[in-house]
Amino acid sequence: MFSLKSSYGIVLIALLSAIPALAQDANFDPLNLQSGFRRAAVNGFTGGSHSFVEQFGNKDSNGNVCLGYGDTAPDHIMVLESDLPKLKLQVNSGGNDTTLVIQGPNNTLRCGDDTNAANKDAIIEGFDWSSGTYYIWTGSIEPGQRWNYRLSASE
């Protein structure tokens, strides 16, 4: 039989395990954006062998597959200081096959892969971005591939 004290302990453990591994620092520089910004960019590199499908599930809320491999820690933390009606995040690694995963407020998930057939760098474009904190993972399509990249954001 559980005592009230042990029940609280179980609830605390359950709550702590439900908190994503996002309360950690990012691997690279943050992005802080507000309405009216023109363009912002940060640099980093892909790497890691952690499967995004295993970490985030197979698909985001729009049906996009969450492909790629990277680190368990987010690469960047993006803070939107105000709601943005439209936002575009694009990787430039010189055409290597990159992927993006963005986890936002209320655990909303956005995943992106190839820009188009000619460019294998990842892109995520979307509407109605709520203010808040977003965690960004930049990955590679195969595990352990390390490519330098520039992640740019534009409205």
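Being a predicted model, the structure only gives us computed values, none of them experimental.

So, about the sheet that holds strand β11 (residues 148-154). The strand order across the open sheet formed by four strands is β2-β11-β6-β9, and the pairing between neighbours is antiparallel. The open sheet has two edge strands with one neighbour each: β2 (39-45) and β9 (123-129). Taking each pair of neighbouring strands and ignoring which way they run, the sheet shows an average axis angle of 15 degrees.

This part covers the environment of Ser 93. Along the chain, Ser 93 turns up in the loop between β6 (84-92) and β7 (98-103). Residue Ser 93 is classed as buried on the basis of its relative accessible area, which comes to 11%. Each C-alpha atom of the pair Ser 93 and Thr 46 lies 9.2 Å from the other, and the pair is 47 residues apart in sequence. A polar contact is formed between the side chain of Ser 93 and the side chain of Asp 121, at a distance of 2.5 Å.

In total, this model carries one disulfide according to the counting rule given. Cys 66 shares a disulfide with Cys 111; S-S distance 2.0 Å. Across the disulfide from Cys 66 to Cys 111, rotation about the S-S bond amounts to roughly 70 degrees, and the bridge is consequently right-handed. One end of the pair, Cys 66, is in the loop between α2 (52-56) and β4 (69-70); the other, Cys 111, is in strand β8 (residues 109-112), with 45 residues separating them in the sequence. For the pair shown, Cys 66 and Cys 111 are each scored as buried.

Secondary-structure assignment places Asn 148 in strand β11. Taking the relative accessible area as the measure of exposure, Asn 148 reaches 58% and is therefore exposed. Expressed as a C-alpha distance, the spacing of Asn 148 and Gly 94, which sit 54 residues apart in the sequence, is 8.6 Å. If near-sequence neighbours (up to four positions away) are discounted, Asn 148 is found in contact with Gly 44, Phe 45, Asn 92 and Ser 93.

Moving on to the nonpolar core. In globular proteins that are soluble, nonpolar side chains generally tend to be buried together. Counting 21 residues, the largest nonpolar core has Met 78, Leu 87, Leu 89, Trp 129 and Leu 151 as its most contacted members. Contributions of two or more residues to this core are made by β1 (31-33), β2, β5 (76-80), β6, β7, β9, β10 (132-140) and β11. Counting residues per element, this core draws most heavily on β6, at four residues. The contacts of Leu 89, once residues within four sequence positions are left out, are Leu 31, Met 78, Leu 100, Ile 102, Ala 122, Ile 123, Ile 124, Trp 129, Ile 136, Leu 151, Ser 152 and Ala 153. Counting nine residues, the second-largest nonpolar core is a separate cluster that includes Phe 52, Ile 77, Val 101 and Trp 137.

Let's shift gears to the packing of aromatic side chains. By convention here, two paired aromatic rings are described through the distance between centres and the angle between planes. Per the counting criterion, the structure on display carries five aromatic pairs. Note on Phe 28 and Phe 45: the rings are 4.9 Å apart at their centroids and 70 degrees apart in plane angle, and the pair reads as edge-to-face. Taken together, the residues span a long stretch of sequence, with Phe 28 in the loop between α1 (4-18) and β1 and Phe 45 in strand β2 at a distance of 17 residues. A relative accessible area of 29% places Phe 45 in the partly exposed class. Three or more aromatic residues joined by ring pairs form one cluster here, namely Phe 28, Phe 45 and Tyr 149.

Per-residue confidence for the chain gives a mean pLDDT of 86, with 83% of residues at or over 70. Throughout residues 1-22 the model reports pLDDT below 50, and contacts reaching past four residues in sequence, or to other chains, amount to eight contacts.

Here Thr 138 lies in strand β10. When sequence neighbours within four positions are dropped, the list of residues in contact with Thr 138 reads Thr 46, Phe 52, Asp 75, His 76, Val 91, Thr 99, Leu 100 and Tyr 149.

Parameters at a glance
- Residues numbered from 1 in each chain as written.
- Predicted model: local features only at pLDDT ≥ 70, side-chain atom pairs only at ≥ 80, totals over all residues.
- Heavy atoms only, no water.
- Pairing = 2+ DSSP bridges.
- Helix = DSSP H or I, 4+ residues; strand = E, 2+ residues; numbered from the N terminus.
- Axes fitted to C-alpha atoms, helices over the stretch in contact; angles between N-to-C directions.
- Buried < 20%, exposed > 50% of the residue type's maximum accessible area, 1.4 Å probe, protein only.
- Polar contact = N/O pair within 3.5 Å; in protein donor to acceptor, adjacent residues only side chain to side chain.
- Disulfide = S-S within 2.5 Å.
- Contact = heavy atoms within 4.5 Å.
- Core = buried A, V, L, I, M, F, W, Y, C linked by side-chain atoms within 4.5 Å.
- Phe/Tyr/Trp six-rings, centres within 6.5 Å; stacked < 30°, edge-to-face > 60°.
- pLDDT = per-residue confidence, 0-100.

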